[in-house]
Every structure is written in structure tokens, then in C-alpha cells.
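Architecture at a glance
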Amino acid sequence: MRTALSIAGSDSCGGAGIQADLKTMTMNGVYAMTAVTALTAQNTTGVRAIQEATPEFLGQQIDAVFEDIFPDAVKIGMVSASELIRVIAKKLRDYEAKHIVVDPVMVATSGSVLLKTDAVETLEKELLPLAEVVTPNIPEAEILSGMAIKTKEDMLAAAEKISKTYGCAVLLKGGHSINDANDYLYANGEGHWFEGKRIDNPNTHGTGCTLSSAIASNLAKGYELPEAVKRAKDYISGALGAMLDLGKGSGPMKHAFDLTGEFAKEVR
Ligand SMILES: Nc1ncnc2c1ncn2[C@@H]1O[C@H](COP(=O)(O)OP(=O)(O)O)[C@@H](O)[C@H]1O
Ligand SMILES: Cc1ncc(COP(=O)(O)OP(=O)(O)O)c(N)n1
């Protein structure tokens, strides 16, 4: 069985972070492992408190995983502080980790800041150059590229700029645009749109976490990046389309929706 490691924060309401990653990786047929960067007291209406792991303890979790069950892919989500980012980067370099997907989580949809302002530079310098692909949403891509993104052409230019600056592929997610759910992948000097039908579901808590961990699962299974992205988009459309409706705010998706066709065959 292929394996994947999520290095991310815990979401007590189960829709984003480590919890979303575990469900997604399991549903995508890989064995899921975790290294928790922080605990959050959070629900569908917002984040109430954050308790970071110490850098030493985060390092110990990563060592425990790599020394025993070497992951076929690694997904990195919420890492709020520079010292934690540095530990992750050092460990991933030391272990020569494969297939690294970085979701540069900065601000939750609810508005809560999940990456300290002074840590953005550390993320750019230490983690992005290790990534096979980085998956910013539009506000995150604006910060990483230093450009305003208002149009499709802006998305193309920002993705190319981020890719060339940090030497990794970029999947710029369009979930924050109003009319569609089209994402743009720029990899190895070539661009490709992944068109997604916008699902009329207000419950989108954890979409970014879910997409990035589905991509990591597909890379762990041996798919090339464009196919890994296509399959991840299909998975997230299924989870959103199942129309789960929980909580008072933007609720979680139904990660364990009834799988059919290709998905069902792969996880058996
Ligand atoms: N309403 C929606 N219908 C279909 N796909 C969506 C919808 N909202 C987001 N997505 C998709 O979910 C993924 C995560 O996107 P996005 O919401 O932009 O990320 P984040 O959660 O990091 O802000 C992308 O593939 C995006 O296209
Ligand atoms: C612990 C934790 N990690 C990440 C997020 C953000 O999740 P994401 O899927 O990027 O976006 P939204 O859930 O805000 O749509 C989080 N909330 N908690």
C-alpha cells in the first residue's frame, strides 16, 4: 500500500487540517500518517485558539514517521511559525522526501490568520523550493507573486512568476472566483487549465486542505502531476456535490461520499 504524510494543523471540527487530510488520503486509497504542527480550537464559524507544537516535538513526530514507514508523498498545510517551517524543511531535506505538496495556508475562509506575517518569508525561502507543487488560492498567490489577481490573465502571470521564483510547479486555485472553479497549473514552463463546474454549496470549509492531500495521495500512487490534479479535482467535486450541511458557518464537505467508478476500484 502506498503511504502519505500530512504535516499540518489539527482542526477540532474535523473539516480542514489534519482531519481533512486523513479522511481524504484514506478515501483516495493511501495509508495516511500525520505530524501535527498545531492544535486549533476551531469550528465552522472560526478559529478560537491556536496551540503550536514545539519545534523539537514536531521534529520528533517527523523522525518517528520517516524512520519507520517512509512516506511516498508529503503534504504540508498550516505551519504558523518560522521555527516550525525551518524544522520541517531540514527534516525533508535530510530524509530526501519525495513528492512534496505545499498548501501555503495563510488565512482561513473565516478570516483567521493561520500563518504569522513574519513567517511568510521563511515559507517562501525554505519550503517552496522543496515543493513538487505549491497550491495557493487567489489571495495566497497575490502575496507570493506580489501581484493583484483580478482576471484569468493575472492568474496565468502570477502562477508563472511564482513557479520561476521558487523553482516548483504551481496550482493556482480558482475557488475564490465567483463564476467557476477553474484552477491553473503551471509546471515545467507549460500552463494548463483544469476546468471545474462550480457547485452551488456554501459549505466549503477545508477545500484547500482536501485538494492538496488528494494531490499528494495521487502522487504517492505514481500518477504524474497533471493526472494527480485531475483526479483530485474529481474527488473534491464529489465531496462538495454530496451536499453535507453541518454547523452554523461554512460547513465541512462529505469526504466519505459514495464512491463510484474509478475511485471505488482504486480504494478496494
Ligand atoms: N463551489 C465550488 N465548486 C466546485 N469546486 C470548488 C468550489 N469552491 C472551491 N472549489 C475547488 O476547491 C479547491 C480549493 O479551492 P479554494 O477554495 O480556492 O482553496 P482554499 O480552500 O485554499 O481557499 C479548488 O480546486 C477549487 O476550484
Ligand atoms: C488546521 C487548519 N488548517 C488549515 C485550514 C484552512 O483550510 P483551507 O482548506 O485552506 O481553507 P478553509 O477551510 O479556510 O476554506 C484551517 N481552517 N484549519
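Reading guide: rules and limits
Residues numbered from 1 in each chain as written. Chains lettered and ligands numbered in written order. Predicted model: local features only at pLDDT ≥ 70, side-chain atom pairs only at ≥ 80, totals over all residues. Heavy atoms only, no water. UniProt positions renumbered as here; feature names shortened; annotations may be inferred. Helix = DSSP H or I, 4+ residues; strand = E, 2+ residues; numbered from the N terminus. Buried < 20%, exposed > 50% of the residue type's maximum accessible area, 1.4 Å probe, protein only. Near = heavy atom within 4 Å. Polar contact = N/O pair within 3.5 Å; in protein donor to acceptor, adjacent residues only side chain to side chain. Areas by Shrake-Rupley, 256 points an atom, 1.4 Å probe, with all protein chains shown as cover. Nonpolar A, V, L, I, M, F, W, Y, C, P; charged D, E, K, R; others polar.

The protein has the name Hydroxymethylpyrimidine/phosphomethylpyrimidine kinase in an unreviewed UniProt entry, where Anaerosacchariphilus hominis is given as its organism. Per UniProt, the comment on the protein under Sequence similarities (unreviewed entry) is "Belongs to the ThiD family."

1. A short note on unusual backbone geometry
Notably, Glu96 is not glycine yet its phi reads approximately 50°, a positive angle. Within the fold, Glu96 resides in the loop between α3 (82-95) and β5 (100-102). In the Ramachandran plot, His99 falls in the positive-phi region, its phi being about 50° despite a non-glycine side chain. Along the polypeptide, His99 turns up in the loop between α3 and β5. Since its relative accessible area comes to 30%, His99 is described here as partly exposed.

2. Section: the site of ligand 2
Taken together, 16 residues sit near ligand 2, with Gln42, Thr109, Gly206, Gly208 and Cys209 positioned nearest. With respect to ligand 2, the side chain of Thr109 contributes an N or O atom lying 2.4 Å from an oxygen atom. Surface burial for ligand 2 is 95%, taken as the share of its 430 Å² of free accessible area covered by protein chains. Of all elements in the fold, only β1 (3-11) and α7 (207-220) reach the threshold of two or more residues within the shell around ligand 2. Per element, the largest residue contribution to the shell around ligand 2 is three residues, and it comes from α7. For the shell around ligand 2, a count of residues per class yields six nonpolar, 10 polar and no charged.

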